Amino acid sequence: VQLQASGGGLVQAGGSLLLSCTASGRIGSSYSLAWFRQGLGKEREFVAAIRWSGATTYYADSVKGRFSVSRANILNTGYLQMNSLEPEDTAVYYCATGPTLPPLPRRESDYVYWGQGTLVTVSS
């Protein structure tokens, strides 16, 4: 499976961006899709996750209520809608996928396939 993330860019604080992650290859029924981010000089951190089959989602506390994760299975594409962006959200955002067991995993090591990352910059 290969992942292609897109949609990053420069936005003012309070603005919105929609990130996309398109997968090529076979997505198994047990697969989950996750978004992680890494700010400059920081460790990569979990942002949100969703199962490719099913509606279960999970969010980091820092983005809960502002970000929304979804997927369009027919397109093999996942999305991360980011609203009310803050300068602290500035980071390279990565999507990841792989076979996972419930509950939705939040560790990098739980995901086998990774996209190349897309940069989100939020200006104050």
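From a predicted model like this one, the values you see are computed outputs, not experimental measurements. (Residues numbered from 1 in each chain as written. Predicted model: local features only at pLDDT ≥ 70, side-chain atom pairs only at ≥ 80, totals over all residues. Heavy atoms only, no water.)

1. Section: the packing of aromatic side chains
On inspection of all chains with the given rule, the structure shows four aromatic pairs. Here Phe36 and Tyr111 contribute two aromatic rings whose centre-to-centre distance is 5.8 Å and whose plane-to-plane angle is 75°, an arrangement assigned as edge-to-face. Here the residue Phe36 occupies a position in strand 4 (residues 31–38), and Tyr111 occupies one in the loop between strand 9 (91–99) and strand 10 (113–114), the gap between them amounting to 75 residues. Side by side, Phe36 and Tyr111 carry an identical accessibility label, which is buried. (Phe/Tyr/Trp six-rings, centres within 6.5 Å; stacked < 30°, edge-to-face > 60°. Helix = DSSP H or I, 4+ residues; strand = E, 2+ residues; numbered from the N terminus. Buried < 20%, exposed > 50% of the residue type's maximum accessible area, 1.4 Å probe, protein only.)

2. A look at the environment of Thr100
With respect to the element layout, Thr100 can be found in the loop between strand 9 and strand 10. In sequence terms Thr100 and Gly28 are 72 residues apart; their C-alpha atoms lie 9.9 Å from each other. Among residues more than four places away in sequence, those in contact with Thr100 are Ser30, Tyr31, Ser32, Arg51, Pro105, Asp110 and Tyr111. (Contact = heavy atoms within 4.5 Å.)

3. What about the sheet that holds strand 7 (residues 67–72)?
Strands in a sheet are paired, the pairing made by backbone hydrogen bonds, and the direction either parallel or antiparallel. Here we have four strands laid out as an open sheet, ordered 1-3-8-7, and antiparallel in their pairing. The open sheet is flanked by strand 1 (2–6) and strand 7, the only strands paired with a single partner. With strand direction ignored, the average angle separating the axes of adjacent strands in the sheet is 15°. Of the pairings in the sheet, the one linking strand 1 to strand 3 (residues 17–24) comprises five bridges and is antiparallel in character. Note that in strand 3 the partner of Gln4 across the bridge is Thr22. (Pairing = 2+ DSSP bridges. Axes fitted to C-alpha atoms, helices over the stretch in contact; angles between N-to-C directions.)

4. With respect to the nonpolar core
One finds Trp35, Val47, Phe67, Leu80, Met82 and Tyr93 to be the most contacted residues of the largest nonpolar core, which totals 35 residues. If we skip the residues at most four places from it in the chain, Trp35 touches Leu19, Ser20, Cys21, Phe46, Val47, Ala48, Val69, Gly78, Tyr79, Leu80, Tyr94 and Cys95. (Core = buried A, V, L, I, M, F, W, Y, C linked by side-chain atoms within 4.5 Å.)

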